[in-house]
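# Observations on the model geometry
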Amino acid sequence: MKWSRIVKTIIVTLIGLFFCVMPTLAQEDAFIAYGATVQGEITVDDYEQVYRFKGAAGDLIRVALLPIQNPFDWSSWHQPEVLLLDSDLHVIVALHAHESAVLIQELTETGPYHLVATGWGGRSEDNVGKFELSLERVPFLVDGEVADYEASNQLGKHYAVKTDSDFQITYEHIEGAFRPEVSVNVIAEDPYSCGIDTPNCSSDANGSNLHDVAVLSGSWLDSGTMEVKAKPAARGLFIIQVAKGEWDFRHESIDAKFTLELNLSDS
């Protein structure tokens, strides 16, 4: 009888340990790789969706959080917030916006990172719903090369220029109903430093953590060239954003094909 009780105790203990471990495994953060897009849902009960990824020092990443909305329902959620956390779960940068949030960040260390998809303003029944989250490395433009690209008005596209010299960016529209605004930007240390809803800041103005230094704009933009002066504040890194302008209120997905050309100064 004594051994029977001991065996039963061991079995009960093992079963208890098994069920204690199961939730830990089930609750492990989902993994997202470079180039991937995942779908998820924010609810009042589960208001933060967390994804982990492996990053390397020097990677320039683009994180895009897009609420999946009903275009005929203006009450559907439209205030996303995305956060980038380090391996110790400390917040590196956070960005909220209307419609979509696109976060650009250069990684300083190699190791695991975490992304948090949530709604801006805290837990609320008015700001929950399904979303798409994408992660990619930002491509760098090559001096003197004319490259073909594509973008949609939903999230736009981003490209990078690393230089301490003055340069030119030339844009030319090829085809598609989407006529984007093209801007040269620097990554903002504080996206909201000059006030929310201010055209020269991040937040609701452009949905990204960028400050623009040059802009090509117009509701029917065919082509143009921007002259950009290298600024110490840019630290040699500039971000080219191709996205919809403030005049474009269309919610349906519209595509465009275009070329970008980088020409660095000889000086």
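Please refer to the structure higher up on the page.
Keep in mind it's a predicted model, so treat the numbers as computed, not measured.

### Comments concerning the sheet that holds strand 13 (residues 181-187)
Here we have 4 strands laid out as an open sheet, ordered 11-16-13-14, and antiparallel in their pairing. Pairing within the sheet leaves two strands with one partner each, and these edge strands are strand 11 (157-162) and strand 14 (210-216). Here the strands of the sheet are splayed against their neighbours by 30° on average, with no regard to which way each runs.

### Observations regarding the pattern of salt bridges
A full pass over the atoms with the stated rule returns 7 salt bridges. In this structure, Glu-136 engages Arg-62 in a salt bridge whose closest nitrogen and oxygen atoms are separated by 4.0 Å. Here the residue Glu-136 occupies a position in strand 9 (residues 129-137), and Arg-62 occupies one in strand 4 (residues 60-67), the gap between them amounting to 74 residues. Among the ionic pairs, Lys-229 bridges to Asp-166, the shortest N-O distance being 3.5 Å. Of this pair, Lys-229 sits in the loop between strand 15 (223-228) and strand 16 (237-243) while Asp-166 sits in the loop between strand 11 and strand 12 (167-175); the two residues are 63 residues apart in sequence, bridging distant segments of the chain. With relative accessibility at 59%, the residue Lys-229 sits in the exposed group. The exposure class assigned to Asp-166 is partly exposed, which follows from its relative accessible area of 27%.

### Description of the nonpolar core
Counting residues in hydrophobic clusters, the biggest one holds 24 residues, and the most contacted among them are Phe-53, Leu-84 and Leu-133. Elements with a minimum of two residues in this core: strand 2 (36-42), strand 3 (48-55), strand 4, strand 5 (80-85), strand 6 (91-96), strand 7 (101-106), strand 8 (111-119) and strand 9. Those residues in contact with Leu-84 that sit more than four places away from it in its chain are Phe-53, Ile-61, His-90, Val-91, Ile-92, Val-93, Leu-103, Gln-105, Leu-107, Tyr-113, His-114 and Leu-115.

### What about the sheet that holds strand 9?
If you trace the 4 strands from one edge of the open sheet to the other, you get 2-9-4-7, paired in antiparallel fashion. Two strands close off the open sheet at either side, each with one partner strand: strand 2 and strand 7. On average, adjacent strands in this sheet sit at an angle of 20° to one another, irrespective of strand direction. When strand 4 meets strand 9, the two strands line up antiparallel, connected through 7 bridges. Residue pairing in the sheet places Ile-61 in a bridge with Arg-137 of strand 9.

Procedures and definitions
Residues numbered from 1 in each chain as written. Predicted model: local features only at pLDDT ≥ 70, side-chain atom pairs only at ≥ 80, totals over all residues. Heavy atoms only, no water. Pairing = 2+ DSSP bridges. Helix = DSSP H or I, 4+ residues; strand = E, 2+ residues; numbered from the N terminus. Axes fitted to C-alpha atoms, helices over the stretch in contact; angles between N-to-C directions. Salt bridge = Lys/Arg side-chain N within 4 Å of Asp/Glu carboxyl O. Buried < 20%, exposed > 50% of the residue type's maximum accessible area, 1.4 Å probe, protein only. Core = buried A, V, L, I, M, F, W, Y, C linked by side-chain atoms within 4.5 Å. Contact = heavy atoms within 4.5 Å.

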